[in-house]
Each structure stands twice: as C-alpha cells, then as structure tokens.
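# Structural features, examined
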Amino acid sequence: MPWFIGERLREAGVEILNDDITGRTHQDRKLITGDSPFASNNLGKAAARALITEAAAL
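Residues numbered from 1 in each chain as written. Predicted model: local features only at pLDDT ≥ 70, side-chain atom pairs only at ≥ 80, totals over all residues. Heavy atoms only, no water.

## Structural notes on the overall build of the chain
- Of regular secondary structure, the chain possesses two helices and two strands.
- Ordered by position from the N terminus, the helices and strands of the chain form the series α-β-β-α.
- In terms of overall dimensions, the chain is more spread out than a globule: its C-alpha atoms have a radius of gyration of 13 Å, far above the 10 Å expected for 58 residues.
- In terms of overall dimensions, the chain has a C-alpha envelope of 40 × 25 × 15 Å along the principal axes.
- Taken across its 58 residues, the chain has 14% of its residues classed as buried. (Helix = DSSP H or I, 4+ residues; strand = E, 2+ residues; numbered from the N terminus. Rg over C-alpha atoms; globule rule 2.2 N^0.38 Å. Buried < 20%, exposed > 50% of the residue type's maximum accessible area, 1.4 Å probe, protein only.)

## A closer look at the environment of E54
- Tracing the backbone through its elements, the reader meets E54 in helix α2 (residues 40-56).
- According to the relative accessible area criterion, E54 is partly exposed, its value standing at 43%.
- Taking the C-alpha atoms as reference, E54 lies 9.8 Å from K30; in sequence the two are 24 residues apart.

## Regarding unusual backbone geometry
- Phi angles above zero are rare outside glycine, and R29 is one such case at about 55 degrees.
- Within the element layout of this structure, R29 appears in the loop between β1 (25-28) and β2 (31-34).

## Quick word on the pattern of salt bridges
- Within this structure, the stated rule accounts for two salt bridges.
- The partner of R10 in a salt bridge is E7, and the shortest N-O contact between them spans 3.7 Å. Taken together, the residues R10 and E7, both in helix α1 (residues 2-11) and three residues apart, mark about one turn of the helix.
- Exposure remark for R10: the relative accessible area of 40% places this residue in the partly exposed category.
- R29 serves as the salt-bridge partner of D28, at 3.4 Å between the closest nitrogen and oxygen.
- We classify R29 as exposed; its relative accessible area is 71%. (Salt bridge = Lys/Arg side-chain N within 4 Å of Asp/Glu carboxyl O.)

In structure tokens, the structure reads:
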C-alpha cells in the first residue's frame, strides 16, 4: 500500500502500522484492516468478533 496511497494517507494523519506482509490485522474503533490478501482469514475472524461484540451491546 505505501507505494500507491500510503503517502496520501500519512498526509491525512493515518499511521500505517505494517511494513511487511504477515497476514496481520488491526482494529481501530469500527475500522478493521489487514496488511495483505494473506490477512483475509484473520480479517473475517476479527469482523465476526466485532459483530458479536456490537450485537451483545444492543
């Protein structure tokens, strides 16, 4: 991502956490992101946990 839109995101105040491709995910409030296509399974798990947490809060 840094070579496409990373610089514009940094200018907007976004802190890019990863510098490699590991399949890692990160959640900041309601935004869940992954570092690469390798993160798709972990991203799905994180999204499921977030949905369960939101539903339980209702």
